[in-house]
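# Observations on the three-dimensional arrangement
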Amino acid sequence: MGDIYQLKQVCHFYGSKKILDIEQMTISRGSILGISGANGSGKSTLLKLLAFAMAPAQGQIRFNGRPEAPMSPRVRSRVTLLTQTPYLLKRSVLDNVTYGLKVRNQTDHLQERAADALIAVGLDPQGFSGRMWHELSGGEAQRVAMAARLVLKPEALLLDEPVASVDTQSAALIRQASLAARDSWGCTLIIVSHDLSWLHEVSDTRISMADGKIFSTGKESIIPGPYARDNHGHMVRFLDDGSEIRLSDPFLPEHTANPTAVIQKEKLYLYPAMDTNGDRVNRLPARITQMLLEQKTGRILTTMDLKGFTLCLSVTANQAAQLDLVPGKQIILVFSPEDVDWR
Amino acid sequence: MDYLISGFVKGLGLLISKDASTWSAVGATLQASTASMAVSLAAGLPCGFLLGYYDFPWKRALRTVVDTLLALPTVCVGLLIYALISSRGPFGAYDLLFTVSGIAAGQAILAFPIVTAITASIIESIDANLKLTLVSLGAGKKDILATCLWEVRYGILAAAVTAYGRVLTEVGISMMVGGNIKYHTRTITTAIALETNKGMFADGIALGLVLMTIALAVNVSLAFLRKR
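Rules and cut-offs
For every chain, the first residue of the written sequence is number 1, and numbering continues from 1 onward in sequence order. Naming scheme: in the order in which they are written, chains are lettered from A and ligands are numbered from 1. Local features are withheld for residues below a pLDDT of 70 in this predicted model, meaning they are given only at 70 or higher, and side-chain atom pairs are given and counted only at 80 or more; totals for whole chains, interfaces and linings count all residues. By convention in this description, side-chain values take in all heavy atoms of the structure and omit both hydrogens and water. Note: two strands are recorded as paired if DSSP finds a minimum of 2 bridges between them. Helix and strand definitions here come from DSSP, where helices need a minimum of 4 consecutive H or I residues and strands a minimum of 2 consecutive E residues; each element is numbered from the N-terminal end. To count toward a patch, a residue needs a relative accessible area over 30% and no salt bridge; like charges are then connected within 9 Å, while nonpolar side chains (Val, Leu, Ile, Met, Phe, Trp, Tyr) are connected within 5 Å. Computed by Shrake-Rupley with a 1.4 Å probe, the accessible areas treat only the displayed protein chains as cover when residues are assessed. By convention in these notes, a salt bridge is any Lys or Arg side-chain nitrogen within 4 Å of a carboxyl oxygen on Asp or Glu. Categorising residues by exposure relies on relative accessible area from a 1.4 Å probe, with only protein chains included: less than 20% of the type maximum marks a residue as buried, more than 50% marks it as exposed, and the intermediate range marks it as partly exposed. Neither His nor the chain ends is counted toward charge; the positive residues are Lys and Arg and the negative residues Asp and Glu. Pairing of N or O atoms within 3.5 Å defines a polar contact, subject to two protein rules: one partner must be a possible hydrogen donor and the other a possible acceptor, and residues neighboring in sequence count only if both atoms are side-chain atoms. Any two residues whose heavy atoms approach within 4.5 Å are treated as being in contact. Two parts placed together each lose some accessible area; with a 1.4 Å probe, that loss summed over both constitutes the buried area. Under this grouping Gly is polar, as are all residues other than the nonpolar Ala, Val, Leu, Ile, Met, Phe, Trp, Tyr, Cys and Pro and the charged Asp, Glu, Lys and Arg. Fitted lines through C-alpha atoms give the axes, limited to the stretch in contact for helices. The angle between two N-to-C directions lies from 0 to 180 degrees. Pairing of aromatic rings covers Phe, Tyr and the six-membered ring of Trp, with a centre-to-centre limit of 6.5 Å; geometry is then stacked below 30 degrees between planes, edge-to-face above 60, and tilted otherwise. A ring has a charge above it when a Lys NZ or an Arg CZ is no more than 6 Å from the ring centre and no more than 35 degrees off the ring normal. Roughly parallel here means an angle under 35 degrees, roughly antiparallel means over 145, roughly perpendicular means 65 to 115, and every remaining angle is called oblique.

Residue and element names in this part refer to chain A. The strand order across the open sheet formed by four strands is S2-S1-S4-S5, and the pairing between neighbours is antiparallel. If you trace the sheet from one side to the other, it starts and ends with strand S2 (17-28) and strand S5 (66-67), each paired once. In this sheet, S2 lies alongside strand S1 (residues 3-14) in antiparallel orientation, the contact comprising 10 bridges. Note on S2: the bridge partner recorded for Lys8 is Gln24.

This part is about a nonpolar patch on the surface. Residue and element names in this part refer to chain B. A cluster of nonpolar side chains, contributed by Leu50, Tyr54, Phe56, Leu62, Val65 and Leu69, occupies part of the molecular surface with about 480 Å² of accessible area. Among the elements that take part in the nonpolar patch, helix H3 (residues 59-69) stands out by supplying three residues, more than any other. With respect to the secondary-structure elements, Val65 resides in helix H3. Taking the relative accessible area as the measure of exposure, Val65 reaches 46% and is therefore partly exposed.

What follows deals with the side chain of Glu170 of chain B. Residues and elements named next belong to chain B. Looking at the element boundaries, Glu170 is found in the loop between helix H8 (153-169) and helix H9 (172-178). It turns out Glu170 is buried and unbridged, and the closest side chain with the opposite charge, Arg166, is 7.8 Å from it. A polar atom in the side chain of Glu170 sits 2.8 Å from the backbone nitrogen of Ile173. When neighbours within four sequence positions are excluded, Glu170 is seen to be in contact with Thr74, Ile103, Gln107, Leu110 and Thr189.

Once that is clear, we can look at the interface of chain B and chain A. In this complex, chain B contributes 19 residues to the contact, which on the side of chain A involves 23 residues. For the pair chain B and chain A, the summed buried surface comes to about 1800 Å²; carbon and sulfur atoms form 58% of the total. Between chain B and chain A we count one salt bridge in total. For the interface between chain B and chain A, the tally reads 10 residue pairs in polar contact (both at pLDDT 80 or more). Top element by residues in the side of chain B that touches chain A is helix H6 (residues 128-136) of chain B. It accounts for seven residues. Among the residues forming the side of chain B that touches chain A, the class breakdown is eight nonpolar, six polar and five charged.

Here we come to the sheet that holds strand S18 (residues 300-305) of chain A. Backbone-to-backbone hydrogen bonds pair the strands of a sheet. The strands run either parallel or antiparallel. Residue and element names in this part refer to chain A. Strand order in the open sheet made by the five strands is S16-S20-S17-S18-S19, with antiparallel pairing throughout. Because the sheet does not close on itself, it has two edges, and the strands there are strand S16 (269-272) and strand S19 (310-315). Each adjacent strand pair in this sheet contributes to an overall mean axis angle of 45°, direction not counted. Relative to strand S20 (residues 330-335), strand S17 (residues 282-293) runs antiparallel, the two sharing six bridges. Considered in S20, the bridge of Arg287 is made with Gln330.

One pass over the structure, following the stated rule, counts nine aromatic pairs over all chains. Judged by centre distance (4.7 Å) and plane angle (15°), the ring pair of Phe49 of chain B and Tyr53 of chain B falls under stacked. Here Tyr53 of chain B and Phe49 of chain B lie together in helix H2 (residues 20-53), a separation of four residues that amounts to about one turn. Through successive ring pairs, a cluster of aromatic residues spans Tyr5, Phe52 and Phe63 of chain A. One Lys or Arg, Arg131 of chain A, reaches over the ring of Phe128 of chain A and ends 4.2 Å from the middle of that ring.

Let us now look at the packing of H2 of chain B against helix H7 (residues 141-151) of chain B. Residue and element names in this part refer to chain B. Their axes nearest at 11 Å, the elements H2 and H7 cross at an angle of 95°. Of the possible angle classes, the one that applies to H2 and H7 is roughly perpendicular. Contacts between H2 and H7 involve Leu45, Phe49 and Tyr53 on the former and, on the latter, Ile144, Leu145, Cys148 and Leu149. Tallied by class, the residues present in the contact of H2 with H7 amount to seven nonpolar, no polar and no charged.

The following block contains the structure:
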């Protein structure tokens, strides 16, 4: 299948602040990559770079094996990005949907192609083609924007929180249309979303982002900052209730700025709320907030609130049954500070 | 007060009777202002787009210069153009002095910073998602320029009307560069100044009415376009 994207030592800055720092990353052609992470973690910046809407301050992005830059004719016709609040041109729906085709001089069968794209997002071409941009609801506007991307039949469709601010029906149609694009012409989907259940359901690969760095969601959990040192000089992360998570001391090359604490998921242990036995140092009360069945693996993605941040752990159905895990239940998360790595 | 009313009535009579000198001034005004607006829009729109869209060193300084030129005195422009196109000036060979083309050149210089500054301000205030959307849809640089300008077309129209108002009502350039020659370079504003000096209020009022009518027609057209 091959890689559609290859990123190498890509860094980006806003002013002097480094907001993206990716050593290496590849994305397979025709795959679905799900990206999650807190606000400000660099997700949208990464998507803009992958859309070639801007160039990275450092490093190289290869598309189909070739290093590419913004405005390159080779990427202009093949990559497209849909943001959470896309801009609709002050024109009719038909003109909005066909704009991309017109600037690419692909003017054959415009009406038919626009109609197909509108149908794909659940809009009736006859009723909507002639409507003006200000005659649409938020969900309809987002679906028109999605249709304007789908009509281009891109090789890579980048979706930045595409359903975050739309109604349930529009969200379902946008999700359905994006998957249909992958199935119809092998479009690579890169989805940024806080909707973890959707990401887990559809993604072939998942990554999470923190402080501009990428982490493998399947294997690692991030313990986000701010970090501090306690009275004994140990590195800790204070929680909202004043308790602390003890962390290992960072041991990093000197050039590493803003290190992030990461722990392998296999090093995290769950105990029933009353059972605090064990020789691990960190025993953290956590409340289960969400449990999702991962369709592809049969495991259960369990999201926990740790008074300051959330953490996801994938457990087997047996483990979930043994620990009697249900949303709302308080359990104890246990891990050793020595198992915390710094990146 | 009576002489004003009788001047008004007489002015209407001059317009209706197609008085040659009155309509000659109207023609010269429309000729010069149309040509100057065409030039200033053709140059000012792309310059305003570049100034508002891109970040580059000295951008703020350049904006300050352009904004300062909004208050450019018409007599200064007249003086500059006169110096440039008089027989001793670098463009003396083109015989532009005391011609409508000379007036148009001066008025284009007057309108250019207005079009540029207002366009730059409008482009700066464009939704940040527009550029991202256009790039996402595969637009090239020319497409981005054309689409951005089209998206802010009402603002651009307002810029054009503002510049047109300044061009239409200026006296300094028309007087100095045109020379106020009857049936040739006499414009509405120079004619009003002359007729008023001579005590011919009726002629002045007739021309003033035309000026107001043109301004009204331009604004009504703008309102109509906005409505569409």
